[in-house]
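Report on the structure
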Amino acid sequence: QVQLVESGGGLVQAGGSLRLSCAASGRTLSYAMGWFRQAPGKEREFVSTINWSGGITSYADSVKGRFTISRDNAKNTVYLQMNSLEPEDTAVYYCAAERETIYLLLFKHCVPSEYHYWGQGTQVTVSS
């Protein structure tokens, strides 16, 4: 099975940047990966996803243009570069993985329940 460990969260002022990492153990060949976040009192929401080859990415409208997802399959790691952070970005950020299918990529990539492997999360706090 796949195990995921997030890192890179922390406290940053508005306008600052953070780079999150998700290190995977186990076989992740042909796995799509995603980042989701959950703020206090809110449901877990889609942030960004990337397919196995790295050629297909998606972003929530709220982070588009500010966040960049990437992956290094040789290192079994997925990254989320977060720039121009806003207080509204404050949340626990979770990495997720799921076996890649075209159906997942086209229709379910943004649905948390479609991902079967999850990390424990890393806290991102953006202060004003």
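Heads up: the structure comes first, above all this text.
Residues numbered from 1 in each chain as written. Predicted model: local features only at pLDDT ≥ 70, side-chain atom pairs only at ≥ 80, totals over all residues. Heavy atoms only, no water.

Quick word on the environment of Ile69
Under the convention used in this document: For helices the rule is a DSSP run of H or I covering at least 4 residues; for strands it is a run of E covering at least 2, with both sets numbered from the N terminus onward. Whether a residue is buried, partly exposed or exposed follows from its accessible area with a 1.4 Å probe, protein chains only, as a fraction of its type maximum: under 20%, in between, or over 50%, in that order. Residue contacts follow a heavy-atom distance rule, with two residues in contact if any of their heavy atoms lie within 4.5 Å.
Within the fold, Ile69 resides in strand 7 (residues 67-72). Look at Ile69 and you get buried, because its relative accessible area is 4%. With 27 residues separating them in the primary sequence, Ile69 and Lys42 have C-alpha atoms 23 Å apart. Dropping the residues within four chain positions of it, Ile69 is found in contact with Met33, Trp35, Ser48, Thr49, Ile50, Thr57, Tyr59, Val78, Tyr79 and Leu80.

Describing the sheet that holds strand 3 (residues 18-25)
This is how it is decided: Strands qualify as paired when DSSP identifies two bridges or more between them. Here the axes come from fitting lines to C-alpha atoms, over the contacting stretch only for helices, and the angles between their N-to-C directions go from 0 to 180 degrees.
Taken in spatial order, the four strands make up an open sheet running 1-3-8-7, and their pairing is antiparallel. Bordering the open sheet on either side are strand 1 (3-7) and strand 7, each of which pairs with just one other strand. Averaged over neighbouring strand pairs, the angle between their axes works out to 15 degrees when direction is ignored. Where strand 3 meets strand 8 (residues 77-82), six bridges bridge the pair, whose relative direction is antiparallel. If you follow Leu18 over to strand 8, its bridge partner there is Met82.

Thoughts on the side chain of Thr77
Where we set the bar: The definition of a polar contact used here is a pair of N or O atoms within 3.5 Å, where within protein one atom must be able to donate a hydrogen and the other to accept one, and adjacent residues in sequence count solely through side-chain atom pairs.
Inspection of the secondary structure puts Thr77 in strand 8. Separated by 2.9 Å, the side chain of Thr77 and the backbone oxygen of Lys75 make a polar contact. When residues no more than four places from it in sequence are discounted, the contact partners of Thr77 are Ser21, Cys22, Ala23, Ser70, Arg71 and Asp72.

Here's the deal with the environment of Gly10
The topology assignment puts Gly10 in strand 2 (residues 10-13). On the basis of relative accessible area, Gly10 is assigned to the partly exposed category, the value being 23%. When the C-alpha atoms of Gly10 and Cys95 are compared, they prove to be 16 Å apart, with 85 residues separating the residues in sequence. Discounting chain neighbours no more than four positions away, the residues touching Gly10 are Leu18, Gln123, Val124 and Thr125.

Note that every value here comes from positions in space, so none of it alone points to a role or purpose.
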